[in-house]
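Coordinates in review
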Amino acid sequence: MNRASTGLPRRGARLLAGVLAAGTVVVGASTGAVAAGSGSAGGAGGAGGAGSAGACAGSGPLPRACAQPGDLIDVTLGELHPTQAVLGFDQVFYKLGRYGSDRDEAAGGFNKRFDDWCETNGQGEAASVRPGARLDDPASFSCTVPLGQETPESIAPMKTAVIGPGGKLYLTDGHHTLTSFLEGPDGSTRLPVRLRVTDNFSSLSTTAFWQRMTAEKKVWLRDENNKPLAVDQLPDRLGITRFRDDPYRSLVYFTRDIGYEVPDGATEFLEFSWGSWLRGKHDTAAYDLTSPGPYLDLVKSASKSMAALAPDAVVDDGRTAAQLGRIAEWNGGKKETGGEFAKLSKPLTDAKPGKLAEALDYKSRVLRAPACTTKITGVCNGPLTVTSGVTCADRAALRGSVTVRAGAALVLTGSTLQGPLQSDRAAAIHVCGSDVTGPLAISRTTGPVRLGGPGCTANAVTGAVVLTGNTGGVLLAANQVTGPVACSGNLPAPDTTGRANEVHGPRTGQCAGV
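Residues numbered from 1 in each chain as written. Predicted model: local features only at pLDDT ≥ 70, side-chain atom pairs only at ≥ 80, totals over all residues. Heavy atoms only, no water.

**Describing the sheet that holds strand 20 (residues 421-424)**
Just so we agree on the cut-off: At least two bridges found by DSSP between two strands is the condition for calling them paired. Runs of E in the DSSP output that reach at least two residues are strands. Runs of H or I that reach at least four are helices, and both are numbered from the N terminus. Lines are fitted to the C-alpha atoms to define the axes, a helix being fitted only along its stretch in contact, and any angle between axes, read from their N-to-C directions, falls within 0 to 180 degrees.
Within the open sheet, the seven strands sit side by side as 15-17-20-23-26-29-31. Their pairing is parallel. The outermost strands of the open sheet, each flanked by one partner alone, are strand 15 (384-386) and strand 31 (507-509). If you compare each strand with its neighbour and ignore which way they point, the axes differ by 10° on average. Direction of pairing for strand 20 relative to strand 23 (residues 440-443): parallel, over a ladder of four bridges. Bridging from a neighbouring strand, D424 pairs with S443 of strand 23.

Structure, rendered in structure tokens:
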């Protein structure tokens, strides 16, 4: 979900000062500490915190269950739980293309990711950025609004979260932005950012929590085909690999300010509602969404359909076009050679390329996994041997060794593997957004070996990583490896795509610098 400004409690937000330890919240002095024994989240937004009187009394770091609606809390990306299973990948690709480009700096500005981080943090936009600055080093840049001096206007664009059972954090706004931070040049699960708490449902049971979230429309339980999903099908953490791609969600993003405008007090999951309506009017499969011309044709057609709606026309779930921000005149009343449509249409060669050009440029660098001939989901016990075809393990739990034979391929996405992975002369190996406990030994692969990289969330590997004699290209980017990494005879040498791996162990051969 992505929304514009939303109203804030006039009692003021409780402000944080400084980076907090994971799992804590600080209540700012401007509103006082949580009252001992209150046990309530207060106002209409809370169901009551689970913290005891003693746990929520006093000053200093407090348990997350003590957080109240309006509190600002420091978190890391790795501790957030999504409340939707789909993203518009092309929207994320636009941001990643912009974040990885030097065009902003060449034009005399700051890279967009610093502006986005400051806005997400409730601190306006970037004020200064040192050479070599990184999001994971907040001391290397500054924002226009210092910590402790936030205003309702600077807090309004912040992303939001609900405190769930056990103090878990459920992200309710900002899935695209925070996924872009995670997958960006300096992203990791430890990247800090602040969120605004909208509700504290920590006192509820898990069943009651999801009933409340569903009733209040704080969770989007539809898949990329607009089919219903169960709660247990939601991703357990951020990372583009863990989500499903909904092209209609991307389409709606590119129609913004052309066919609709985000209204004040926007409803939850507004863009998904528009996407549901467009799904019945325009077939994205009929367009080449890797080419600017056909993609722009689709954006123009879809946005004109949106603008042509009557204000009281029901779009989705009882919400009208007016409630969802239908624009009064297509493209603000301007011809397609002007306005927002003209900005969107600018090619990559322009000094200020359009969002679509940036998205498609990054998209062209994303390696496509081969089509699956065998699919594995859920729990798979015992050893697995892939002898032919393409075996895809998607959000699976593999408990046992995995062996890939000559000519076969393995695609492991958003999964866990408890056991060694060994392949020799495979056609392709893709491991994205997965946790592997056991050594990885991949040799003489004729096609691509992808362990992280564009469109492939980094992995966590406990055990040695050995890459030998692979000739189809090796991407080894941003992974966390607890163990040695040894590479030799790979043509070309492994590529980090500018995102170094975190290796706790010796790095040797071609991987000495990864």
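**A closer look at the state of the cysteines**
So the rule is basically this: Any two cysteine sulfur atoms within 2.5 Å of one another count as a disulfide. Residue burial is assigned from relative accessible area. The probe radius is 1.4 Å, only protein chains are included, and a residue is buried under 20% of its type maximum, exposed over 50%, and partly exposed in between.
For the coordinates displayed, the defined rule picks out four disulfides. A sulfur-sulfur distance of 2.0 Å marks the disulfide that ties C118 to C143. Here C118 and C143 share a disulfide; its torsion about the S-S bond, -75°, makes the bridge left-handed. Residue C118 is found in helix 3 (residues 112-120), and its partner C143 is found in strand 7 (residues 141-143); the two are separated by 25 residues along the sequence. You'll find C118 and C143 in the same group, each marked buried. Disulfide partner of C487: C511, at an S-S distance of 1.8 Å. Disulfide C487 to C511: torsion about the S-S bond roughly -75°, handedness left-handed. With C487 in strand 29 (residues 485-488) and C511 in the segment after strand 31, the pair connects residues that are 24 residues apart, well separated along the chain. The exposure class assigned to C487 is buried, which follows from its relative accessible area of 3%. Residue classification places C511 among the buried positions, given a relative accessible area of 0%.

**Things to note about the side chain of T83**
This is how it is decided: Counted as a polar contact is a pair of N or O atoms within 3.5 Å, where, for protein atoms, one must be capable of donating a hydrogen and the other of accepting one, and residues adjacent in sequence contribute only when both atoms are in side chains. By the convention used here, residues are in contact when the closest approach between their heavy atoms is within 4.5 Å.
Within the secondary structure, T83 is located in the loop between strand 4 (80-81) and strand 5 (86-87). Of the polar contacts made by the side chain of T83, one reaches the backbone oxygen of L171; its length is 2.6 Å. Once residues lying within four places of it in the same chain are set aside, the contact partners of T83 are Y170, L171, T172, H175, M213, K218, V219, W220, L234 and F269.

**Side note on the packing of aromatic side chains**
To keep things clear, this is the line we draw: When the centres of two rings from Phe, Tyr and Trp lie within 6.5 Å, Trp using its six-membered ring, the rings pair. Their planes under 30 degrees apart give stacked, over 60 give edge-to-face, and anything left gives tilted. When the NZ atom of lysine or the CZ atom of arginine is within 6 Å of a ring's centre and also within 35 degrees of its normal, the charge is said to sit over that ring.
Tallied over the full model, the rule gives 18 aromatic pairs. Between F209 and W210, the aromatic rings sit 4.9 Å apart at their centres with planes inclined by 70°, giving edge-to-face as the arrangement. Each member of the pair, F209 as well as W210, is classed as buried. A ring pair is formed by F269 and F272, whose centres lie 6.3 Å apart and whose planes are at 45°; its orientation type is tilted. As far as burial versus exposure is concerned, F269 and F272 are alike and both buried. When the ring centre of F272 is taken as origin, the NZ or CZ atom of R249, which lies over that ring, is 5.5 Å away. Of note, K304 hangs over the ring of W330, and the distance from its end group to the ring centre comes to 4.8 Å.

**Points about the nonpolar core**
To keep things clear, this is the line we draw: Throughout, nonpolar core names a set of buried Ala, Val, Leu, Ile, Met, Phe, Trp, Tyr and Cys residues whose side chains join them through atoms within 4.5 Å.
Judged by nonpolar contacts, the single largest core of 68 residues is most densely connected at L77, L80, L178 and W274. Top contributing element to this core by residue count: helix 9 (residues 292-307), with seven residues. Counting residues in hydrophobic clusters, the runner-up holds 33 residues, among them L384, V474, V485 and V503.

**With respect to the pairing of strand 20**
Of the two faces of strand 20, the one holding L421 and S423 is buried and the one holding Q422 and D424 is not buried anywhere. Where strand 17 (residues 402-404) lies against strand 20, three bridges are found, and the strand directions are parallel. The residue of strand 20 that forms the bridge with V404 is S423.

**Here we look at the packing of helix 1 (residues 89-99) against helix 11 (residues 355-363)**
Which entries qualify depends on this criterion: When describing relative orientation, an angle under 35 degrees is termed roughly parallel and one over 145 degrees roughly antiparallel, while 65 to 115 degrees is termed roughly perpendicular and anything else oblique. Each residue is assigned to one of three groups, with Ala, Val, Leu, Ile, Met, Phe, Trp, Tyr, Cys and Pro labelled nonpolar, Asp, Glu, Lys and Arg labelled charged, and all others, Gly among them, labelled polar.
Interhelical geometry of helix 1 versus helix 11 gives an angle of 90° and a closest axis separation of 7 Å. In this view, helix 1 runs roughly perpendicular relative to helix 11, as classed from their interaxial angle. Of the residues in helix 11, those touching helix 1 at D90, F93, Y94, L96, G97 and R98 are K355, E358, A359, Y362 and K363. In the contact of helix 1 with helix 11, the residues fall into five nonpolar, one polar and five charged.

**Description of the pattern of salt bridges**
Keep this limit in mind: Between Lys or Arg on one side and Asp or Glu on the other, a salt bridge is scored when a side-chain nitrogen of the former is within 4 Å of a carboxyl oxygen of the latter.
Considering all chains together, one arrives at 25 salt bridges under this definition. Taking the shortest distance from any N to any O, the salt bridge between R103 and E358 comes out at 3.2 Å. Taken together, the residues R103 in helix 2 (residues 103-106) and E358 in helix 11 connect sequence positions 255 residues apart. With a closest N to O distance of 2.6 Å, E502 and R190 form a salt bridge. Residue E502 is located in strand 30 (residues 502-504), and its partner R190 is located in the loop between helix 5 (175-183) and strand 10 (192-200); the two are separated by 312 residues in the primary sequence. A relative accessible area of 25% means that E502 is categorised as partly exposed. Through salt bridges that share partners, D236, R237, R242 and D435 make up one connected network.

**A short note on the environment of G400**
Here G400 is to be found in the loop between strand 16 (390-399) and strand 17. Given the relative accessible area of 16%, G400 is considered buried. For the pair formed by G400 and P383, sequence separation is 17 residues and the distance between their alpha carbons is 4.6 Å. When neighbours within four sequence positions are excluded, G400 is seen to be in contact with G382, P383, L417, Q418 and G419.

**Some details on the sheet that holds strand 3 (residues 72-76)**
Taken together, five strands build an open sheet; the order of strands is 3-10-8-9-4 and the sheet is mixed. Pairing within the sheet leaves two strands with one partner each, and these edge strands are strand 3 and strand 4. Judged from the three bridges that link them, strand 8 (residues 160-163) and strand 9 (residues 169-171) form a sheet pairing that is antiparallel. Bridging from a neighbouring strand, A161 pairs with L171 of strand 9.

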